[in-house]
Amino acid sequence: MASHRFSHRFRYRLLLLLIISFETTWRLTSADPNDEACLKNLRQNLEDPARNLRNWTNSVFSNPCSGFTSYLPGATCNNGRIYKLSLTSLSLRGSISPFISNCTNLQSLDLSSNQISGDIPPEIQFLVNLAVLNLSSNRLSGEIPPQLALCAYLNVIDLHDNQLSGPIPQQLGLLARLSAFDVSNNKLSGQIPTYLSNRTGTFPRFNASSFVGNRGLYGYPLQEMRKSKGLSVMAIVGIGLGSGVASLMISFTGVCIWLRFTEKKMAEEEGKISQSMPDY
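The structure reproduced in this document is the subject of the present report. These numbers were taken from a predicted model, which means no experiment stands behind them.

1. Comments concerning the state of the cysteines
Next up, step 1: Taken as a whole and assessed by the stated rule, the structure comprises two disulfides.
Next up, step 2: Here Cys 38 connects covalently by a disulfide to Cys 103, the sulfurs 2.1 Å from one another. Taking the sign of the S-S torsion, -105° for the link of Cys 38 and Cys 103, the bridge is left-handed. With Cys 38 in helix H2 (residues 33–45) and Cys 103 in the loop between strand E6 (93–94) and strand E7 (108–110), the pair connects residues that are 65 residues apart, well separated along the chain. The pair Cys 38 / Cys 103 is uniform in exposure class, with both members buried.
Next up, step 3: Put simply, Cys 65 and Cys 77 are joined by a disulfide, and their sulfur atoms are 1.9 Å apart. A torsion of -70° about the S-S bond marks the disulfide between Cys 65 and Cys 77 as left-handed. A residue pair is termed long-range when its members are at least 10 positions apart, and Cys 65 in strand E2 (residues 65–66) and Cys 77 in strand E4 (residues 75–78) qualify at twelve residues.
Next up, step 4: For the protein, numbering the cysteines in disulfides from first to last along the sequence yields the connectivity 1-4, 2-3.

Below you can see the structure in the form of structure tokens.
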């Protein structure tokens, strides 16, 4: 009787172990439907004139990962999920699909040094694990979506060398983990958010190099640079005015001396004439 119970328990545990092993294997070899939608739509929105993404096909999207192995160039997998996309310097055009938000396990998105245009999709806010966002050196336009502040794990936001306009969202200053921030060389305007320029001791959280190249931006740490430029202009104007006044003074003095000399000479001539006149 005891041996029968032991045999029954053993079979039950063995069956349970087989089910868990099968489920784990299935998860590692089957694509997550969200990842599939993410990759498929991202590829559809991007133009690839150099054919660097020729292996990004529907058949691969249905099974892009095998555990930690990726079958897609530029993609990195972790436990069967896409967790990193790095498509840099591939001459890509087109736009960023809002379906990028379906890659919910994504921790790093790097599409830098391409020719991608259009807006930054606010749907990126749903990438709650995102730590690195690098969209620099593209042709992105529109405003920086304030929804990026909902990606609480963001360490890096690099958007330099685009055509982004409007203000820098105040909410980005609330990202406590943010250690690298660069929006230089865009068309941004307005005041730099206080929480992005706060001093740590004697230094700002992010220095002027993070903000330069945006004519409409102002406030610390840029204001120090602009004050210096303003003083230089005032100094130039002052020098010009000073030079003008000095020239006038010299000219006026010269005229006065010339008039006195002329009067003296005329007086001498009149004296000579009166002496030479005969008496009657």
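2. Focus: the pairing of E4
Next up, step 1: Side chains Ala 75 and Cys 77 of E4 all project onto a buried face; the interleaved residues Thr 76 and Asn 78 project onto a face where none is buried.
Next up, step 2: The pairing of E4 with strand E5 (residues 81–86) spans four bridges and is antiparallel. Each residue of the ladder has a partner; that of Cys 77, found in E5, is Ile 82.
Next up, step 3: Joining the antiparallel neighbours E4 and E5 is a turn of two residues, in which Asn 79 adopts a positive phi near 55°.

Rules used in this analysis
- Residues numbered from 1 in each chain as written.
- Predicted model: local features only at pLDDT ≥ 70, side-chain atom pairs only at ≥ 80, totals over all residues.
- Heavy atoms only, no water.
- Disulfide = S-S within 2.5 Å.
- Helix = DSSP H or I, 4+ residues; strand = E, 2+ residues; numbered from the N terminus.
- Buried < 20%, exposed > 50% of the residue type's maximum accessible area, 1.4 Å probe, protein only.
- Pairing = 2+ DSSP bridges.

Any functional reading would require information that these geometric values do not contain.
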